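# Observations on the model geometry
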Amino acid sequence: MKKVLTALLCSWCGFGSAQTAGELLNDGKNTENVTTFGMGYDLKMYSPLKQISKSSVRRLVPIWSFSLANDMGEHSQPTIYNGVMYVVNGSWTFAIDVATGRQIWRTPVQYERAALRVGTAGAIMRGPATIYNGKLFRQTVDAHVVALDMKTGKEIWKEKFADFKEGYIGVIAPIIVNGVLISGMAGGDRTTRGFLDGYDPETGKRLWRTYTIPAPGERGSETWPNKELSDAWKYGGAATWQAGSYDPQLDLYYIGTGNAEPYNPVYRKGMDSLYCASILAIRPRTGEMVWYYQTVPNDSFDFDASAESVLAELVVDGEMRKVLINAHKNGFLYVLDRTDGKLIAANPFVKQNWAKRIDLKTGRPVLTDLLNRAMKGETVAVFPARGTNAALIAFNPKTGLVYLNSWNQARVMKYVDFKFVLGTGSTGIESSFDTPKGEPIGYHAAIEPLTGNVVWQTPLTDLPSSAGMLATDGGLLFTGLLTGEVIALDQDNGKRLWQFKTGSSIVAPPITYTHKGRQYVSVLSGIGGSVPTRTAGKEVPAGGSVWTFALMPE
């Protein structure tokens, strides 16, 4: 028996060898590995694999599932390297044999349980296990960054980045960019000031910190009421909710920031409040902000810009341009020139009533009367409550289309008085959510990014989708439902071609890859996060698992 165990351990040790920067840059070219969030630094959520196709998907079956010993939610994307799947959640870090679904090692997450009262959505993880040079990096809910040994799961270093008692939480995947470990923060509806940190991945030494709200005297500070409300900037929001995208040619890292705090603009004097609700371009080695684009100046409706920015090349007015595509929570699909942040296009992809349009010259929204009515004390229904719900979109460079899961809900809200208490909720509103009677609660949709033209959309009538989209050259879109199904859609029309029911909600992005030449699809199941739990928590049981599928032989 000892000889058998030794042989197994030796074979597993061979899987988790050191992982390089070159492999990160080339993610997607070697289909045996998935080493970055979004299936590549460009976050396209696209794969050229086509073994699993529209004609063969009927033979797609589960080949193994694995319990993740967690009931707080599974938002993470699996990471694949040399035959090993790495998975993170709020409670554990796992290494799993891709071929068999057997556990190689698991390491419990050590954190102060009191942090769960701050991270009210629970100890979730937004993004994957981050790997580099033999190490695995992750955050913990009590605001630490941790490095583990990829072979053993043993802790190498651990660094505190904030005090959770002040409202900060760690639920975000760090990312390796140009040799720097970049790590953000969450806590965007509490008394926090957003920032990004850059670390030496070998030692955990912090190299730089870039705040997403300027201090008095810094560029952008004139957009805060530093004299009338001198502390507003210290607790003004702009959380960096998830990992961003990276253009290695421009050496720019793109990250979105969250809402301003409080939502009630009275407490910010109705000023623009940079760099809340903005897309930022950052130099990864220094943390320098090269450019910014604020999508919603004076964000007063909780319109985070923290959705990922997909990097693509599109023909604009006859010229090939390096662009950035962002499906915003505010209901507009933005296209920017990613070299300088200039707006190219912005079109609504869901019902919205807060802006007449986005002015292409100024980049600013042209508002309706909704904000003025709310400021006068009226209860207003703001469309959308969220255009998408923190779910990765997909972009297929061959079709030129964006694929996404949208929501059709209003936030019914009223501004109220706000009392500052450090570390607590910081919204300044009372609100509820409403779906228009007789209308779908959401859609699967395919959209032309430059025109906003909806090529097709299929309605969701019972519950919306909070899962990411994945496009493949097999003509398929993989995504999931809050009711627990993993589904495959026809990329041409949105027709559902295949589904499999898991034990809980799908609120995570799927991935596809090969192992020894065979194509696999993997996704995590497990309801969690405040919005999915509020929406489907009474109908769907908790409980985390990872499912892996492949084609049954003919």
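Calculation criteria
- Residues numbered from 1 in each chain as written.
- Predicted model: local features only at pLDDT ≥ 70, side-chain atom pairs only at ≥ 80, totals over all residues.
- Heavy atoms only, no water.
- Helix = DSSP H or I, 4+ residues; strand = E, 2+ residues; numbered from the N terminus.
- Rg over C-alpha atoms; globule rule 2.2 N^0.38 Å.
- Buried < 20%, exposed > 50% of the residue type's maximum accessible area, 1.4 Å probe, protein only.
- Pairing = 2+ DSSP bridges.
- Axes fitted to C-alpha atoms, helices over the stretch in contact; angles between N-to-C directions.
- Polar contact = N/O pair within 3.5 Å; in protein donor to acceptor, adjacent residues only side chain to side chain.
- Contact = heavy atoms within 4.5 Å.
- Salt bridge = Lys/Arg side-chain N within 4 Å of Asp/Glu carboxyl O.
- 1 Å grid on protein atoms, 1.4 Å probe; cavity = no way out; pocket = protein on both sides within 12 Å on 5 of 7 lines; lining within 4 Å.
- Points joined across faces, edges and corners; volume = space filled by probe spheres on them.
- Nonpolar A, V, L, I, M, F, W, Y, C, P; charged D, E, K, R; others polar.
- Phe/Tyr/Trp six-rings, centres within 6.5 Å; stacked < 30°, edge-to-face > 60°.
- Lys NZ or Arg CZ within 6 Å of the ring centre and 35° of its normal.
- Core = buried A, V, L, I, M, F, W, Y, C linked by side-chain atoms within 4.5 Å.
- pLDDT = per-residue confidence, 0-100.

### Describing the overall build of the protein chain
Scanning the protein chain for helices and strands turns up 4 helices and 38 strands. The C-alpha atoms of the protein chain give a radius of gyration of 22 Å, which matches the 24 Å a tight globule of 554 residues would have. Counting only C-alpha atoms, the protein chain reaches 75 × 50 × 50 Å along its principal axes. Sorting the 554 residues of the protein chain into buried and exposed places 64% on the buried side.

### As for the sheet that holds strand β22 (residues 343–348)
With antiparallel pairing, the 4 strands of this open sheet are ordered in space as β19-β20-β21-β22. Only two strands of the sheet have a single partner each, and these edge strands are β19 (310–316) and β22. This sheet shows a mean twist of 30° between the axes of neighbouring strands, independent of strand direction. Relative to strand β21 (residues 332–337), strand β20 (residues 319–327) is paired through 5 bridges, and the arrangement is antiparallel. By the bridge assignment for β21, A327 is matched with L333.

### Considerations on the pairing of strand β30 (residues 442–447)
The buried count for β30 comes to 6 of 6 residues, which makes it a mostly enclosed element. A two-sided burial pattern is seen for β30, the buried positions comprising G442, H444 and A446 on one face and Y443, A445 and I447 on the other. Note: strand β27 (residues 401–407) against β30, 6 bridges, orientation antiparallel. By the bridge assignment for β30, L404 is matched with A445. Bridge count between β30 and strand β31 (residues 454–460): 6 bridges; the pairing is antiparallel. Across the sheet, the residue bridging to G442 is L460, located in β31. The hairpin turn running from β30 into β31, its antiparallel successor, is 6 residues long, and G452 in that turn takes a positive phi close to 80°.

### A closer look at the side chain of T35
For T35, the location among the structural elements is in the loop between α2 (21–25) and β1 (46–47). Residue T35 is classed as buried on the basis of its relative accessible area of 6%.

### Here we look at the environment of V88
Looking at where V88 falls in the secondary structure, it is placed in strand β4 (residues 84–88). The class for V88 is buried, based on a relative accessible area of 1%. Considered as a pair, V88 and M271 are 183 residues apart in the sequence and their alpha carbons are 39 Å apart.

### Some remarks on the side chain of S504
Position of S504 among the secondary structure elements: in the loop between β35 (496–501) and β36 (511–515). Polar side-chain contacts of S504 include one of 2.6 Å to the backbone oxygen of P541. With sequence-adjacent residues up to four places away left out, S504 is seen in contact with G484, S525, G526, I527, V540, P541, A542 and G543.

### Concerning the pattern of salt bridges
Pairing between side chains becomes possible if they bear opposite charge and their charged atoms approach one another. One pass over the full model with this rule turns up 19 salt bridges. Residues D492 and K54 are paired through a salt bridge, measuring 2.6 Å at the closest nitrogen-oxygen approach. Here D492, found in the loop between β34 (485–490) and β35, pairs with K54, found in the loop between β1 and β2 (60–67); they are 438 residues apart in sequence, far enough to count as distant. By relative accessible area, D492 is classed as exposed at 55%.

### Points about the layout of surface pockets
Empty space within the largest pocket amounts to approximately 1100 Å³. Together, 48 residues line the largest pocket, and R126, D189, W241, S530 and V531 are the ones closest to its centre. Going through the elements one at a time, β29 (429–434) and α4 (530–536) are the ones with two or more residues in the lining of the largest pocket. The residue inventory of the lining of the largest pocket, partitioned by class, reads 19 nonpolar, 19 polar and 10 charged.

### Let's talk about the sheet that holds β2
The 4 strands lie next to each other as β2-β38-β37-β36, forming an open sheet whose pairing is antiparallel. Both edges of this open sheet fall to β2 and β36, since each of them pairs with a single strand only. Between one strand axis and the next, the sheet turns through 30° on average, direction left out of account. Note that β2 and strand β38 (residues 545–551) share 7 bridges and pair antiparallel. Paired with L60 across the strands is L551, a residue of β38.

### Some words on the pairing of β19
Burial analysis of β19 places 5 of its 7 residues in the buried class, which makes it a mostly covered element. As paired strands, β19 and β20 are joined by 7 bridges and run antiparallel to one another. In the strand pairing of β20, A312 is matched with V323. In this antiparallel pair of consecutive strands, β19 and β20, the connection spans 2 residues, and D317 shows a positive phi of 50°.

### Things to note about unusual backbone geometry
Cis geometry marks the peptide bond from E261 to P262, where omega comes out at -20°. Residue placement: P262 occurs in the loop between β16 (252–256) and β17 (278–282). The backbone phi angle of D251 is positive, close to 50°, even though this residue is not glycine. Within the fold, D251 resides in the loop between β15 (245–247) and β16.

### Section: the packing of aromatic side chains
A full pass over the atoms with the stated rule returns 24 aromatic pairs. An aromatic cluster of at least three residues, connected via ring pairs, comprises Y293, F301, F303, F332, Y334 and W354. The cationic tip of R209 hangs over the ring face of F195; the distance from NZ or CZ to the ring centre is 3.7 Å. The cationic tip of R386 hangs over the ring face of W407; the distance from NZ or CZ to the ring centre is 5.0 Å.

### Some thoughts on the nonpolar core
Ranked by size, the top nonpolar core spans 99 residues in total, and within it M85, Y253 and Y403 carry the most contacts. The element contributing the most residues to this core is β38, with 5 residues. Those residues in contact with Y253 that sit more than four places away from it in its chain are I175, V177, I182, L196, A243, G244, S245, Y246, L280, A281 and I282.

### Quick notes on the confidence of the model for the protein chain
Of the residues in the protein chain, 97% have a pLDDT of 70 or more, and the chain-wide mean is 94. pLDDT under 50 marks residues 1–16. Its contacts with residues more than four places away, or in other chains, come to 14 contacts.

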